[in-house]
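Each chain, written out:
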Amino acid sequence: MSFDTIKYEVDGHTATITLNRPDALNALSPHMITELRSAYAEAENDDRVWLVIVTGSGRAFCTGADVKEIPGDGKVVNERPYLSTYEQWEAPQEGTPPYRTMAKPILAAINGLCCGAGLDWITTGDIVIASDKATFFDPHVSIGLVAGREVVRLARVLPRSVALRMALMGKHERMSAQRAYELGMISEVVEHDNLLERAHEIASIVNSNAPLAVRGTRLAILKGLDLPIHEAEMLAESFRERVTRTEDALEGPRAFVEKRAPEWQCR
């Protein structure tokens, strides 16, 4: 697919989406948001793609909404008529992957400055790694805006006091990649020049596993987080039983017994 503000590439079973407005620090314009939604849909509907990497070009991953395109009244900009689509009745998602409805995992590779709506990839990504040059903060209160879903999500990822500190300090305090790792906000800190190589290495490892089992496991965890433990267990078991009916569920044990690498068919 051809895009103006992002790059979309497929290599093997991995799709890589690169936020590509480096001069604007990859700030999210309405057009960029539309292109991201198209790219997510393309990856989700492409049978070749088993995992999606999201990263940024230049010195920033994403600095949130493009302030130059926020109207004076502070309302969210939509390319479609006001309240004409379901997503306009929901909390604004901006660049957030549709993690509640997509089956394929997202790996976020944070290459630099990450703030505001850029934090959504941190809190909704399945695997999040960061360059040792990455920094994190939320600037909303420093520009006169209430920090909304971004920090609500952060408060589910970070300790309450840390999330509140980040939200209330605004642009005046930044969290390093190392500190984010220590707090569990990201899972790995990588030397800057090796970030994409490491992201693809992790993607290859995930893609060496049975893709339907990966998706079922991901869905079991994410959908179970909002449920009492017993209901979450039962939901996970229902996903497990569905996958046992697939060809890959037969191939895995067969390959193990025959001492060879499995040949996953994703069916």
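Residues numbered from 1 in each chain as written. Predicted model: local features only at pLDDT ≥ 70, side-chain atom pairs only at ≥ 80, totals over all residues. Heavy atoms only, no water.

Draft legend 1. Just the side chain of Asp138, in detail. For Asp138, the position within the fold is in the loop between strand S8 (135-137) and helix H3 (149-157). Here Asp138 sits buried without a salt bridge, and the closest side chain of opposite charge, Arg149, lies 8.4 Å off (N-O distance). Of note is the side chain of Asp138, whose polar atom sits 2.9 Å from the side chain of His140. Excluding residues that lie within four positions of it along the chain, Asp138 makes contacts with Gly116, Leu119, Ala147, Glu150, Val151, Met166, Gly170 and Lys171. (Helix = DSSP H or I, 4+ residues; strand = E, 2+ residues; numbered from the N terminus. Buried < 20%, exposed > 50% of the residue type's maximum accessible area, 1.4 Å probe, protein only. Lys, Arg positive; Asp, Glu negative; His and termini not counted. Salt bridge = Lys/Arg side-chain N within 4 Å of Asp/Glu carboxyl O. Polar contact = N/O pair within 3.5 Å; in protein donor to acceptor, adjacent residues only side chain to side chain. Contact = heavy atoms within 4.5 Å.)

Draft legend 2. A look at empty space enclosed by the protein. On inspection of all chains with the given rule, the structure shows one cavity of 30 Å³ or more. Of the volumes computed, that of the largest cavity is approximately 40 Å³. Looking at the largest cavity, the residues that line it are Trp50, Val206, Asn207, Pro211, Val214 and Arg215. When residues of the lining of the largest cavity are traced back to their parent elements, those giving at least two are helix H6 (195-207) and helix H7 (211-224). (1 Å grid on protein atoms, 1.4 Å probe; cavity = no way out; pocket = protein on both sides within 12 Å on 5 of 7 lines; lining within 4 Å. Points joined across faces, edges and corners; volume = space filled by probe spheres on them.)

Draft legend 3. Here's a closer look at the packing of aromatic side chains. All told, the structure shown has two aromatic pairs when counted by the stated rule. For the ring pair Phe61 and Trp121, a centre distance of 5.2 Å and an interplane angle of 90 degrees mean the geometry is edge-to-face. Residue Phe61 is located in strand S4 (residues 60-62), and its partner Trp121 is located in helix H2 (residues 119-124); the two are separated by 60 residues in the primary sequence. Neither Phe61 nor Trp121 differs from the other in exposure class; each is buried. (Phe/Tyr/Trp six-rings, centres within 6.5 Å; stacked < 30°, edge-to-face > 60°.)

Draft legend 4. Summary view of unusual backbone geometry. Positive phi outside glycine occurs at Leu25, with the angle close to 55 degrees. Residue Leu25 is classed as partly exposed on the basis of its relative accessible area of 23%. Even without glycine at this site, Lys259 takes up a positive phi of about 55 degrees. Looking at the element boundaries, Lys259 is found in the segment after helix H9 (247-257). Residue classification places Lys259 among the exposed positions, given a relative accessible area of 79%.

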